[in-house]
Amino acid sequence: MNRREFLITTSVAALAPRVTFASTPTELVAQPVSAQILPDGEPATPMLGFNGSTPGPVLRTRQGDVFDIRFRNQIDEGSAVHWHGLRIDNAMDGVPGLTQDVVKADAEFAYRFPAPDAGTYWYHSHNRSWEQVAKGLYGPLIVEEATPPDVDHDLIVMVDDWRMTENATLADGFENMHDQAHQGRLGNYARALVEPNTPVRRGDRVRLRLINVATDRIFPVEIEGIEGNVVALDGMPLSALQEPSGLILAPAQRADIIADVTSSDQISFIFPTQDGPYRLGEIAVVGENTEREPSEISALPANETAPPDMDNAVSLTLTMEGGAMSRRMMQGMMGGDIWALNGQSGLTDTPFHLFERGQTARIRLVNGTRFPHGIHLHGHHFFEVGAENNLGAFRDTTLVDSGETRDIVCVFDNPGKWLLHCHMLGHQAAGMKTWVKVT
Ligand code: C2O
Ligand code: CU
């Protein structure tokens, strides 16, 4: 197909009635699966997945369309599905004990919600997530813009790590206290899983949707073989595009990159470690696209958001405490929780704060621990406040380094009970979570 025909086809498609993408299933079945995590030739690994695979199927719809998904639980313990980053109805948020009952083994639950924001999201188990996500219960969720940007390939790149035994099984000890008190459960094998993994051409313009699906690992990612920009973080378009170099993805964070392929050989995803570069994966480059006219990469259309009311914002502080080498560690050794937010571990009867619907809050996140934490708020996005007191990226998960203080500004306009927790799932397991209520 030449470029002209391509343009014609897309403009016809834009006029056609909205359709649900054929690739999106109407059912998600959690079940045991066998996955080729290690390189070909090594044994497959027994894991958990959705609809027969881990990662689960790509869920894709157009902005404003409704996801209608029957979740069936065929694993031998309770589960539930959380749609990470989507600003949806509270009853659909998938948090057992807060927004719904756990979906017991052999039971099912109907999830139905419109997708309000275009962008890159993901779904994952939110019951005993430190174990169920580690075992593979997650998948990508993509919401298309009304007019998607002009790219030749739209590729999902999930980065993950696994703790493998010599027999290619997942090591158990998902609640290992030493892990929980430090950085969480870190794997000994990491990969970038590309979907679909089809070759691209030099000169193609690609959209890469990076998602860190690891339970606890922070991934700095260097990408070789392309030239372009970060256009969105955690699904939400950036008004000022960023350089992809120095990109860091905390667990659950996403980055969309639009770039031109400059290599004639491969696009490489590299995880720089203390021991040198670790290759996470690549996309093959075959052939050349000579028809694409050079053009600027422009910002994606913004999703609709309520403007914060800074003059009347309530000021709150959320202090992270605990972990190895802290006083709270003693409690952990005696069977209590290792981590806390404002001195509280786990979900208490009263929320961290009760917001009136539409209220703006400026929350100071204080990391008094020796470890970084990726703090995630359900049902909302928030602005990261920059060094000049400016409102920066609009995210759902923010990485706060050890010793760092970071302010976020959020308009709490989505009614319901929403979790606020560390997305290092081992930390969450050991108490680092709270909740807010919006009336
Ligand atoms: Cu990605 Cu509480 O979730
Ligand atoms: Cu944490």
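Residues numbered from 1 in each chain as written. Chains lettered and ligands numbered in written order. Predicted model: local features only at pLDDT ≥ 70, side-chain atom pairs only at ≥ 80, totals over all residues. Heavy atoms only, no water.

J.: Would you explain the coordination of the copper ion (ligand 2) in this entry?
T.: Where a metal carries four tetrahedral donors, each ideal angle is 109.5 degrees; where it carries six octahedral donors, the ideal angles are 90 or 180 degrees. Taken together, His373 (ND1), Cys422 (SG) and His427 (ND1) make up the full set of protein donors to the copper ion (ligand 2), lying 2.0 to 2.1 Å away. Counting gaps between the donor residues of the copper ion (ligand 2) yields the pattern H-x48-C-x4-H. Given a relative accessible area of 1%, histidine 427 falls into the buried group. (Donors = N, O, S within 2.8 Å, 3.2 Å for Na, K, Ca; no water. Buried < 20%, exposed > 50% of the residue type's maximum accessible area, 1.4 Å probe, protein only.)

J.: Explain empty space enclosed by the protein to me, please; I cannot follow it from the model alone.
T.: Unoccupied space between atoms shows up once a probe the size of one water molecule is rolled over them. The tally for this structure, following the rule as stated, stands at four cavities of 30 Å³ or more. Its boundaries defined by the atoms lining it, the largest cavity holds a volume of some 90 Å³. For the lining of the largest cavity, the residue count by class is six nonpolar, two polar and four charged. One number sums up the size of the second largest cavity: a volume of about 70 Å³. Residue lining of the second largest cavity: Arg87, Thr305, Ala306, His380, His381, Phe383, Phe394, Cys410, Val411 and Asp413, and that is the complete set. Residues of the lining of the second largest cavity, tallied by class, amount to five nonpolar, three polar and two charged. (1 Å grid on protein atoms, 1.4 Å probe; cavity = no way out; pocket = protein on both sides within 12 Å on 5 of 7 lines; lining within 4 Å. Points joined across faces, edges and corners; volume = space filled by probe spheres on them. Nonpolar A, V, L, I, M, F, W, Y, C, P; charged D, E, K, R; others polar.)

J.: When you look at the layout of surface pockets in this model, what are you seeing that I'm missing?
T.: Empty space within the second largest pocket amounts to approximately 450 Å³. Forming the walls of the second largest pocket are 20 residues, and the residues nearest its centre are Leu233, Gln242, Glu384, Arg395 and Arg406. Mapped onto the lining of the second largest pocket, the elements with two or more residues apiece are β15 (226–233), β26 (382–385), β27 (391–395) and β28 (397–400). Counted by class, the lining of the second largest pocket contains seven nonpolar, seven polar and six charged residues. Residue contributions to the lining of the second largest pocket reach at least three from each of two domains, namely domain 1 (7–288) and domain 2 (310–438). (Helix = DSSP H or I, 4+ residues; strand = E, 2+ residues; numbered from the N terminus. Domains from an automatic or database assignment.)

J.: Sorry if this is basic, but what is going on with the confidence of the model for the chain here?
T.: Reading predicted coordinates in detail is not appropriate for stretches of low pLDDT. Summarising the model, the chain shows a mean pLDDT of 93, and 95% of its residues fall at 70 or more. Predicted confidence is poor over residues 1–22, with pLDDT under 50, and the contacts of this stretch with residues over four places away or in other chains come to 18 contacts. (pLDDT = per-residue confidence, 0-100. Contact = heavy atoms within 4.5 Å.)

J.: Looking at this model, I keep getting lost on the packing of aromatic side chains. Mind explaining?
T.: Any aromatic ring pair is given by two values, namely how distant the centres are and how the planes are angled relative to each other. Here the structure, examined in full by the defined rule, presents 15 aromatic pairs. Seen from their ring centres, tryptophan 83 and phenylalanine 113 are 5.1 Å apart, and the 50° between their planes marks the pair as tilted. Of the two residues, tryptophan 83 is situated in strand β5 (residues 81–84) and phenylalanine 113 in strand β6 (residues 108–114); the sequence distance between them amounts to 30 residues. Here the aromatic rings of tryptophan 122 and tyrosine 138 are separated by 6.3 Å at their centres, their planes lie at 70°, and the arrangement is edge-to-face. Placement of the pair is tryptophan 122 in strand β7 (residues 119–125) and tyrosine 138 in strand β8 (residues 138–144), with a sequence separation of 16 residues. We note that tryptophan 122, like tyrosine 138, is buried. Among the aromatic side chains, those forming a connected cluster through ring pairs are Phe50, Phe67, Phe71, Trp83, Phe109, Tyr111, Phe113 and Tyr123. (Phe/Tyr/Trp six-rings, centres within 6.5 Å; stacked < 30°, edge-to-face > 60°.)

J.: What is the right way to read the nonpolar core from this model?
T.: Buried together is how nonpolar side chains tend to be arranged in soluble globular proteins. Phe355, Ile363, Leu365, Phe412 and Val436 are the most contacted members of the largest nonpolar core, which totals 33 residues. Of all the elements in the fold, those that place two or more residues in this core are β21 (314–322), β22 (339–341), β24 (359–367), β25 (373–377), β28, β29 (405–412), β30 (416–422) and β31 (433–438). Top contributing element to this core by residue count: β21, with four residues. Grouped together as the second largest cluster of nonpolar side chains are 31 residues, Ala214, Ala255, Phe271 and Leu280 included. (Core = buried A, V, L, I, M, F, W, Y, C linked by side-chain atoms within 4.5 Å.)

J.: Quick question: what am I supposed to make of the pairing of β25 here?
T.: Each regular strand displays side chains that alternate between the two surfaces of the sheet. The buried fraction of β25 amounts to five of the five residues, a majority that puts the element mostly inside the structure. Burial of β25 is two-sided: the residues His373, Ile375 and Leu377 facing one way and the residues Gly374 and His376 facing the other way are all buried. With four bridges joining them, β25 and β28 adopt antiparallel strand pairing. Paired with glycine 374 across the strands is leucine 399, a residue of β28. Inspection of the sheet shows β25 paired to β30 by three bridges, in the antiparallel sense. The residue bridging histidine 376 from the neighbouring strand is histidine 421, located in β30. (Pairing = 2+ DSSP bridges.)

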